[in-house]
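Here is what each chain is made of, one letter per residue.
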Amino acid sequence: MPNYRLTLCYDGTRWKGWQKQGNTDHTIQGKLETLLSRLLDQPIEVAASGRTDAGTHAKRQVVSFRAKTELSTQEILDGLRRYLPADIGAVSLEQVEPRFHARFSCTGKTYTYRIWNSDEPNVFERNYLYHLHETLDVPAMRRAAEDLCGTHDYKAFCSLKRTKKSTVRRVDCITIQELGPELLFTFEGNGFLYHMVRILVGTLLEVGRGNLRPEEMGDILVSQDRKRAGETVPACGLCLVDVRYEKS
């Protein structure tokens, strides 16, 4: 059966996250599967590169699914663009090799997190920023970020209390840019745990406030103790901006 790769973008503000749920049809996966099933006149199940939380956005989310249809990829794409709601966009669609899987074939991801560090309101971007007005030691946060990179067990930075899967991940780099009153955090790695990016930001904010020292990051990693890390910051500032795959 033909295998397809779909690239999406979406504003997650009003959605209950990516993953479909039994108690609501207001999820991005649920909406997409319902529409594809109608367009292709068959049950369609999709797999994404990762499950974004409620309120989290995506500039580039990759999805794979299988379907047998006489419709061309352009006709399917046109249908998606016509019937998807305005806050979910179908960017591209292509037929790919049978072994491609949006999640298991993924080799890397990039997330950004945006903080509006000012008491001045930012009305038009309020759904895409965490509004926080505090004096922060950004150089200390950058030093801490360096120690959080590498291949480590990030169990202390995961909200799941129990998991049978490995919590070892590789974080290639964490950067913090000062763009006027905005702080832009960028995270690149081979994968991220549940709430991991949001907890990493919360921990770096504790360093910026002076409640944690940059030198403590290694101890927190080794401890594998969620209580040692910072808060889970709100989802509104988080965006999945890139998903990477090895070229065939």
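For every chain, the first residue of the written sequence is number 1, and numbering continues from 1 onward in sequence order. In view of the model being predicted, local features appear only for residues whose pLDDT reaches at least 70, and side-chain atom pairs are presented and counted only at 80 or more, with totals across whole chains, interfaces and linings using the full set of residues. As a rule here, side-chain values cover all heavy atoms of the structure and leave hydrogens and water aside.

Draft legend 1. Geometry of helix 4 (residues 196-209). Runs of E in the DSSP output that reach at least two residues are strands. Runs of H or I that reach at least four are helices, and both are numbered from the N terminus. Residue count minus one, scaled by 1.5 Å, sets the expected span of a helix. Its 14 residues place the ends of helix 4 20 Å apart at the C-alpha level, agreeing with the 20 Å of an ideal helix rising 1.5 Å per residue. Residue burial is assigned from relative accessible area. The probe radius is 1.4 Å, only protein chains are included, and a residue is buried under 20% of its type maximum, exposed over 50%, and partly exposed in between. Counting buried residues in helix 4 gives 13 out of 14 residues, a clear majority hidden from the surface. Positive backbone phi, approximately 90°, marks glycine 210, located one or two places after helix 4.

Draft legend 2. Representation of the layout of surface pockets. Both site types are read off a 1 Å grid over the protein atoms alone. A 1.4 Å probe that fits but cannot get out defines a cavity, while an open set with protein on both sides within 12 Å along at least five of seven lines defines a pocket; lining residues have an atom within 4 Å of a point. Grid points are joined across faces, edges and corners, and a volume is the space filled by probe spheres set on the points. Taken as a whole, the largest pocket spans an internal volume of roughly 1200 Å³. Gly50, Arg51, Arg103, Phe192 and Tyr194 are the residues nearest the centre of the largest pocket, which is lined by 40 residues in total. Sorting the residues of the lining of the largest pocket by element identifies strand 2 (47-48), strand 5 (106-116), strand 8 (168-179) and helix 4 as the ones contributing at least two each.

Draft legend 3. Layout of helix 1 (residues 28-40). Across its 13 residues, helix 1 extends 18 Å between first and last C-alpha, which sits within 8% of the 18 Å expected from 1.5 Å per residue. When helix 1 is considered as a whole, its buried residues turn out to be Ile28, Gln29, Gly30, Leu32, Glu33, Leu35, Leu36 and Leu40. Polar contacts, as used here, are pairs of N or O atoms within 3.5 Å; protein pairs need one atom able to donate a hydrogen and one able to accept it. Residues neighboring in sequence count only if both atoms are side-chain atoms. Among the residues of helix 1, the N-terminal cap falls to threonine 27, whose side-chain oxygen and the backbone nitrogen of glycine 30 are separated by 3.0 Å. Positive backbone phi, at 55°, marks aspartate 41, one or two positions downstream of helix 1.

Draft legend 4. A look at the side chain of glutamine 42. Here glutamine 42 lies in the loop between helix 1 and strand 2. A relative accessible area of 18% means that glutamine 42 is categorised as buried. Among the polar contacts made by the side chain of glutamine 42, one reaches the main-chain carbonyl oxygen of lysine 68 at a distance of 2.8 Å. Residue contacts for glutamine 42: discarding those within four places in its chain leaves Ser37, Ala67, Lys68 and Thr69. Contacts are residue-level and defined by heavy atoms, with any inter-residue pair within 4.5 Å sufficient.

Draft legend 5. A look at the side chain of threonine 7. Among the secondary structure elements, threonine 7 is positioned in strand 1 (residues 3-10). Residue class for threonine 7 comes out buried when judged on its relative accessible area of 8%. Apart from residues no more than four positions distant in its own chain, threonine 7 is found in contact with Arg60, Gln61, Val62, Gly89, Ala90, Val91 and Ser92.

Draft legend 6. Quick look at the packing of helix 1 against helix 2 (residues 73-83). Two elements in contact, helix 1 and helix 2, have axes whose closest approach is 10 Å; the angle formed by their N-to-C orientations is 130°. Classed by the angle they form, the pair helix 1 and helix 2 counts as oblique. Our pair here, helix 1 against helix 2, has a crossing hand that is right-handed. Where helix 1 approaches helix 2, its residues Leu32, Leu35, Leu36, Leu39 and Leu40 are matched on the opposing element by Ile76, Gly79, Leu80 and Tyr83. As a rule, the C-alpha atoms of each element are fitted with a line to give its axis, helices using only the stretch in contact, and angles between N-to-C directions run from 0 to 180 degrees. Oblique is the label for any angle not covered by the other classes, which are roughly parallel (under 35 degrees), roughly antiparallel (over 145) and roughly perpendicular (65 to 115). Crossings are sorted by hand: turned counterclockwise from the far helix by less than a right angle, the near helix makes the crossing left-handed, and turned clockwise it makes it right-handed.

Draft legend 7. Representation of the packing of aromatic side chains in the model. Aromatic rings from Phe, Tyr and Trp, taking only the six-membered ring of Trp, are treated as a pair when their centres fall within 6.5 Å; an angle between ring planes under 30 degrees marks them as stacked, one over 60 as edge-to-face, and anything in between as tilted. This model, assessed by the stated rule, comprises 5 aromatic pairs. On the basis of an interplanar angle of 25° and a centroid distance of 6.5 Å, the ring pair of tyrosine 10 and tryptophan 18 is categorised as stacked. Exposure remark for tryptophan 18: the relative accessible area of 3% places this residue in the buried category.

Draft legend 8. Fine view of the pairing of strand 8. Two elements, strand 7 (residues 150-153) and strand 8, share 4 bridges in a ladder whose sense is antiparallel. Note that in strand 8 the partner of histidine 152 across the bridge is arginine 169. The hairpin turn running from strand 8 into strand 9 (residues 182-189), its antiparallel successor, is 2 residues long, and glycine 180 in that turn takes a positive phi close to 65°. Here, strands pair whenever DSSP counts at least two bridges between them.

Draft legend 9. Structural view of unusual backbone geometry. The phi angle at histidine 195 is positive, at roughly 65°, despite the residue not being glycine. As for its placement among the helices and strands, histidine 195 is situated in the loop between strand 9 and helix 4. Of note, glutamine 224 is a non-glycine position whose phi angle comes to about 55°, a positive value. Topologically, glutamine 224 is positioned in the loop between helix 5 (217-223) and strand 10 (238-245).

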